[in-house]
Amino acid sequence: MSKEIQNLWREVRELSLGTEIDRLDSPPSPVQFLRDYVSQSKPCVISNAIAHWPALKLWSDPAYLAGALSNDLVSLHLTPNGCADAVTPINEKESTGDLCFASSHVEKVPFPEALEAVRSSTKGKSVAYLQQQNDCFRTEYSTVASDCDGDIAWATEALGCSPEAVNLWIGTDLSVTSFHKDHYENLYAVVSGEKHFLLLPPTDVHRLYVQRYPAANYSYDRDTEAFKLEIEQSLRHVPWCSVDPYPSPEKEASERLKYPLFFNGPKPFHCTVKAGEILYLPSMWFHHVSQTPGDGGYTIAVNYWYDMQFDVKYAYFNFLQSLSYESSSLSPILSWREDEDSESGDAEKGCSELLWRVRFVLAAGTLWLWHRSI
């Protein structure tokens with residue numbers, strides 16, 4: 001199967017995606033956006049789409065935000081390393097050993113205090129990030145919501161619905177978002193600074209080595225300024241991508257051996273989204289995000305999550321990730337369903353090569369149609 005799946009990665013790029021993310025000088029019409037990007041599950045970066053937002057001029061000034069939001073409590077996320085919602089060693093003093101899915105410590109604080117914590121973040125001590133993903137822009141930050149549009153009008157018309165959630169992100173270059181995917185059509189607008197995205201299409205799911213990790217949470221003691229990482233008492237496991245695309249020099253060799261599908265396969269798509277630009281990130285695309293601060297000493301973005309259609313594309317993806325593809329000592333776990341039947345996995349291993357090839361041809365054909373004409 002390895003040859004066929006690798007051919008799929010190549011053909012998806014040749015037939016539809018190309019080698020670079022499209023850049024548009026102006027917002028597309030709803031028809032163009034739906035036809036050329038949404039229906040083909042193809043990202044693009046759009047310039048001159050939010051030039052009219054007051055936020056572009058106002059939010060680079062910390063004094064403006066601190067004053068406008070002086071009476072508002074916001075959710076501040078704290079970690080020792082800037083890596084929240086990420087795979088982390090349970091014992092952080094050891095670079096190897098058991099791993100977990102670590103979530104940040106979250107507390108409600110006045111916005112001026114939160115903004116100062118973000119700007120003064122120090123890796124190894126405390127890294128603060130404003131990243132509450134619960135429609136926070138329309139709740140916690142409603143005081144400044146009028147500085148941006150309530151939706152992206154041409155996307156709303158094309159998708160036939162209003163945003164399910166609008167979120168605000170404020171952080172520094174110390175905060176990094178690990179590889180993951182979302183079940184939303186994402187319009188990601190950068191207001192200050194720059195965001196750097198690594199992107200992989202859903203067809204490349206095998207390359208991210210999805211594993212289930214025990215869920216853990218950081219706790220933070222303000223008196224001692226110490227973090228503690230603890231596994232949740234009611235044990236649960238979170239499926240998450242294992243690959244760090246930027247390993248430290250001392251780990252790079254071992255990471256390349258552990259995850260050859262990622263490091264030896266086609267290069268991820270890369271794009272930088274600057275202040276005033278919007279990235280359309282299709283649903284179920286894997287993305288890794290880092291950032292460069294702007295004039296205020298932080299990066300700010302507002303993203304609009306539109307509901308995805310759980311249609312034939314979702315069925316194709318589930319089929320593709322169910323294919324068994326072992327390429328290293330660490331085998332990707334391709335199904336994310338918690339109630340997966342282990343007996344069905346044994347049965348799949350016993351399928352003849354001919355049956356797998358027939359299944360793959362069907363999947364490849366439908367995936368080709370997905371990217372070309374849906």
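Residues numbered from 1 in each chain as written. Predicted model: local features only at pLDDT ≥ 70, side-chain atom pairs only at ≥ 80, totals over all residues. Heavy atoms only, no water.

Our focus in this paragraph is the overall build of the chain. Each helix and strand counted, the chain has 11 helices and 18 strands in total. Here the chain, with 374 residues, has 52% of them falling under the buried criterion. For the chain, contacts bridging at least 24 residues in sequence account for 83% of all contacts bridging at least 6. Summed over its atoms, the accessible surface of the chain is roughly 17,000 Å², and 50% of this surface lies on carbon and sulfur atoms. (Helix = DSSP H or I, 4+ residues; strand = E, 2+ residues; numbered from the N terminus. Buried < 20%, exposed > 50% of the residue type's maximum accessible area, 1.4 Å probe, protein only. Contact = heavy atoms within 4.5 Å. Areas by Shrake-Rupley, 256 points an atom, 1.4 Å probe, with all protein chains shown as cover.)

This part covers the nonpolar core. In this structure, Trp59, Tyr141 and Leu187 are the most contacted members of the largest nonpolar core, which totals 53 residues. Excluding residues that lie within four positions of it along the chain, Trp59 makes contacts with Tyr64, Leu65, Phe137, Val144, Asp147, Cys148, Leu168, Val191, Tyr298, Ile300 and Val302. Within the second largest apolar cluster, 41 residues are counted, among which are Tyr188, Cys241, Leu281 and Val289. (Core = buried A, V, L, I, M, F, W, Y, C linked by side-chain atoms within 4.5 Å.)

What follows deals with empty space enclosed by the protein. For the structure shown, the criterion picks out two cavities of 30 Å³ or more. Its boundaries defined by the atoms lining it, the second largest cavity holds a volume of some 40 Å³. Looking at the second largest cavity, the residues that line it are Leu17, Glu20, Ile21, Asp22, Lys42, Pro43, Phe269 and Trp285. Looking at side-chain class alone, the lining of the second largest cavity contains five nonpolar, no polar and three charged residues. (1 Å grid on protein atoms, 1.4 Å probe; cavity = no way out; pocket = protein on both sides within 12 Å on 5 of 7 lines; lining within 4 Å. Points joined across faces, edges and corners; volume = space filled by probe spheres on them. Nonpolar A, V, L, I, M, F, W, Y, C, P; charged D, E, K, R; others polar.)

What follows is about the sheet that holds strand β3 (residues 73-79). Read from one edge of the open sheet, three strands run β6-β3-β7, paired in antiparallel fashion. Edge positions in the sheet fall to β6 (105-110) and β7 (127-129), since each has one partner strand and no second. Averaged over all pairs of adjacent strands, the angle between their axes in this sheet comes to 40°, without regard to strand direction. Looking at chain direction, β3 and β6 are connected through six bridges and run antiparallel. If you follow Ser75 over to β6, its bridge partner there is Lys108. Docked against the sheet, helix α5 (residues 111-119) engages β3, β6 and β7, running at close to 125° with respect to β6. (Pairing = 2+ DSSP bridges. Axes fitted to C-alpha atoms, helices over the stretch in contact; angles between N-to-C directions.)

A few words on a nonpolar patch on the surface. A cluster of nonpolar side chains, contributed by Ile90, Ile231 and Leu235, occupies part of the molecular surface with about 240 Å² of accessible area. Inspection of the secondary structure assignment puts Ile231 in strand β13 (residues 226-231). (Patch = residues over 30% accessible without salt bridge, like charges linked within 9 Å, V, L, I, M, F, W, Y side chains within 5 Å. Salt bridge = Lys/Arg side-chain N within 4 Å of Asp/Glu carboxyl O.)

A positive phi angle, close to 60°, is found at Asn48, a residue other than glycine. Of note, Glu225 is a non-glycine position whose phi angle comes to about 55°, a positive value. You can see Glu225 is positioned in the loop between β12 (210-221) and β13. Residue Glu225 is classed as partly exposed on the basis of its relative accessible area, which comes to 42%.

Let us now look at the sheet that holds strand β16 (residues 278-281). Across the sheet, which stays open at both edges, the six strands sit in the order β1-β2-β16-β10-β18-β8 with mixed pairing between neighbours. The sheet terminates laterally at β1 (22-24) and β8 (165-171), the two strands that pair on one side only. Neighbour-to-neighbour, the strand axes of the sheet open up by a mean angle of 20°, direction not taken into account. Sheet analysis places β1 next to strand β2 (residues 44-46), joined by three bridges and oriented parallel.

We now examine the packing of aromatic side chains. Counting across every chain of the model gives 17 aromatic pairs. With centroids separated by 6.4 Å and ring planes inclined at 55°, the aromatic side chains of Trp53 and Tyr304 adopt a geometry described as tilted. Here Tyr304 lies in strand β18 (residues 299-307) and Trp53 lies in the loop between β2 and α3 (55-58), a separation of 251 residues in the sequence. Comparing Trp53 with Tyr304, the two get one shared label, buried. Following the ring pairs from residue to residue traces out a cluster consisting of Tyr129, Trp169, Tyr188 and Phe197. Residue placement shows Arg207 over the ring face of Trp9; its charged tip is 5.4 Å from the ring centre. (Phe/Tyr/Trp six-rings, centres within 6.5 Å; stacked < 30°, edge-to-face > 60°. Lys NZ or Arg CZ within 6 Å of the ring centre and 35° of its normal.)

A few words now on helix α1 (residues 2-17). With 16 residues, α1 should cover 22 Å at 1.5 Å per step; its first-to-last C-alpha distance of 21 Å lies within 8% of that length. The complete set of buried residues in α1 reads Glu4, Ile5, Leu8, Trp9, Val12, Arg13, Ser16 and Leu17. At the C-terminal side of α1, Gly18 shows a positive phi close to 75°. (Expected span 1.5 Å × (residues − 1).)

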